[in-house]
Amino acid sequence: MSGGAHMHHDGDIVTVRPTGAVDTLQRLPNFVGISGRTAGASALSMNLVVIPAGARAQPHYHEGYETAIYLLQGEVQTLYGAGLAKSCTNRAGDFLFIPAGVPHQPINLSADTDAIALVARNDPDEQESVRAYDPAG
């Protein structure tokens, strides 16, 4: 490997099997997978997030960290940007990228089916970077 990359020949592979959801600032059930705490990760986290039927997250942003999302199930509208004035709608099979610091609020568009997403962030303790956002300013 070149360019300063390091290979860890003796590192251990870590398996994480969440046993239950945890509460988050976003007010969504979060099944913590990979993080600094669970796997010793130093630069990323990956979790399974559920948006219950008819629910929405609290408006928030991730200070200094990018977010990548793969929507496994459901249809989600995401309000985003200043005042949450912009919007996009995604369905199962879509990948989303949210730049660091962009306010957003995902909304499950189904009244009877949970939306489920795999969420990765370049933050090993992703809840520490979550900040509430007031769209009214």
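This write-up is about the structure you can find in this document. (Residues numbered from 1 in each chain as written. Predicted model: local features only at pLDDT ≥ 70, side-chain atom pairs only at ≥ 80, totals over all residues. Heavy atoms only, no water.)

### Quick notes on a nonpolar patch on the surface
Now for step 1: Together, M46, L72 and L118 line one region of the surface with nonpolar side chains, adding up to about 230 Å² of accessible area.
Now for step 2: Among the structural elements, L72 can be located in strand β4 (residues 67–73).
Now for step 3: Here L72 falls in the partly exposed class, since its relative accessible area comes to 44%. (Patch = residues over 30% accessible without salt bridge, like charges linked within 9 Å, V, L, I, M, F, W, Y side chains within 5 Å. Areas by Shrake-Rupley, 256 points an atom, 1.4 Å probe, with all protein chains shown as cover. Salt bridge = Lys/Arg side-chain N within 4 Å of Asp/Glu carboxyl O. Helix = DSSP H or I, 4+ residues; strand = E, 2+ residues; numbered from the N terminus. Buried < 20%, exposed > 50% of the residue type's maximum accessible area, 1.4 Å probe, protein only.)

### Regarding the pairing of strand β5 (residues 75–80)
Now for step 1: Alignment of β5 against strand β6 (residues 86–91), held across six bridges, turns out to be antiparallel. Residue pairing for β6: E75 is matched across the bridge by R91.
Now for step 2: The loop that links β5 with its antiparallel partner β6 comprises five residues; one of these, G81, has a positive phi angle of about 85 degrees.
Now for step 3: Taken together, the five bridges between β5 and strand β8 (residues 104–108) define a ladder with antiparallel strand orientation. Looking across to β8, one finds that Q77 is bridged to I107. (Pairing = 2+ DSSP bridges.)

### Topic: the packing of aromatic side chains
What describes a pair of aromatic rings is the distance from one ring centre to the other and the angle between the planes of the rings.
Now for step 1: Enumeration over the complete set of coordinates arrives at one aromatic pair.
Now for step 2: Taking 4.6 Å as the distance between ring centres and 50 degrees as the angle between the ring planes, the aromatic pair formed by Y70 and F95 counts as tilted. Highlighted residues: Y70 in strand β4 and F95 in strand β7 (residues 95–98), separated in sequence by 25 residues.
Now for step 3: Accessibility expressed as a relative area gives 68% for F95, which makes it exposed. (Phe/Tyr/Trp six-rings, centres within 6.5 Å; stacked < 30°, edge-to-face > 60°.)

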